[in-house]
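Each chain, written out:
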Amino acid sequence: MRILLTGVTGQVGHHLKPVLEARGWEVIAPTRDTLDLADPDSIIRTIQAVKPQLIINPAAYTAVDKAESEPELAMAINGIAPGIFAEQAKKLGIPLI
């Protein structure tokens, strides 16, 4: 199974990646350098390039104090990006977690 895993530098993604790989699954885990969750086109390009069979999105904007001064960025990552993942997963007929 080919899995697109976001947030690999965060707590959940960091710990989830080796668990999935131990099951023999192919885990594609782009970092912020290659997948910009604040950029819808970056998300779509990544999904099209990876062609995942499953998307796992534990990535999040977690800087609570900064969220008040960066509301657009927080909304893009925590609100809009998951919606794009859902739309793309639906188009591909694959699960999104």
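Everything numeric in this text was worked out from a predicted model, so none of it was measured. (Residues numbered from 1 in each chain as written. Predicted model: local features only at pLDDT ≥ 70, side-chain atom pairs only at ≥ 80, totals over all residues. Heavy atoms only, no water.)

**Side note on unusual backbone geometry**
Using the following cut-off: A helix here means a DSSP run of H or I that spans at least four residues, while a strand means a run of E at least two residues long, and both kinds are numbered starting from the N terminus. Burial status follows relative accessibility: with a 1.4 Å probe on protein chains alone, a residue under 20% of its type maximum counts as buried, one over 50% as exposed, and anything between as partly exposed.
The phi dihedral of Lys51 falls on the positive side, at around 55°, and the residue is not glycine. You can see Lys51 is positioned in the loop between helix 2 (40-50) and strand 3 (54-56). Given a relative accessible area of 60%, Lys51 falls into the exposed group.

**Concerning the side chain of Thr6**
This is how the line gets drawn: Only heavy atoms matter for contacts: two residues are in contact if any of them lie within 4.5 Å across the pair.
Tracing the backbone through its elements, the reader meets Thr6 in the loop between strand 1 (2-5) and helix 1 (11-22). Sequence-distant contacts of Thr6, defined by excluding residues within four places in its chain, comprise Gly13, Leu35, Ile56, Asn57, Pro58, Ala59 and Phe85.

**What about the nonpolar core?**
What counts here: Note on terminology: a nonpolar core comprises buried Ala, Val, Leu, Ile, Met, Phe, Trp, Tyr and Cys residues joined through side-chain atoms within 4.5 Å.
In this structure, Leu4, Leu37, Ile43, Ile47, Ile55 and Phe85 are the most contacted members of the largest nonpolar core, which totals 16 residues. Elements with a minimum of two residues in this core: helix 2 and helix 4 (71-92). The greatest single-element share of this core, amounting to six residues, is contributed by helix 4. Residues in contact with Ile55, not counting those within four places in the same chain, are Leu4, Ile47, Phe85, Ala89, Ile94, Pro95, Leu96 and Ile97. With six residues, the next largest nonpolar core counts Ile3, Leu5, Val27 and Leu54 among its residues.

**Points about the environment of Ala86**
The topology assignment puts Ala86 in helix 4. Taking the relative accessible area as the measure of exposure, Ala86 reaches 36% and is therefore partly exposed.

**What to know about the packing of helix 2 against helix 4**
Formally: Axis geometry follows a simple rule: fit a line to the C-alpha atoms, using only the stretch in contact for helices, then measure angles between N-to-C directions, giving values from 0 to 180 degrees. Orientation categories follow fixed angle ranges, with anything under 35 degrees roughly parallel, anything over 145 roughly antiparallel, 65 to 115 roughly perpendicular, and all other angles oblique. Note on convention: the crossing is left-handed when the near helix lies turned anticlockwise from the far helix by less than a right angle, right-handed when the turn is clockwise. Polarity classes work like this: nonpolar for Ala, Val, Leu, Ile, Met, Phe, Trp, Tyr, Cys and Pro, charged for Asp, Glu, Lys and Arg, and polar for all others, with Gly in that last group.
Put simply, helix 2 and helix 4 touch, their axes get as near as 10 Å, and they point 30° apart. Taken together, the axes of helix 2 and helix 4 are roughly parallel relative to one another. For the element pair helix 2 and helix 4, the recorded crossing hand is right-handed. Across the interface between the two elements, Pro40, Ile43, Ile44 and Ile47 of helix 2 pack against Ala81, Ile84, Phe85, Gln88 and Leu92 of helix 4. Of the residues assigned to the contact of helix 2 with helix 4, the class counts are eight nonpolar, one polar and no charged.

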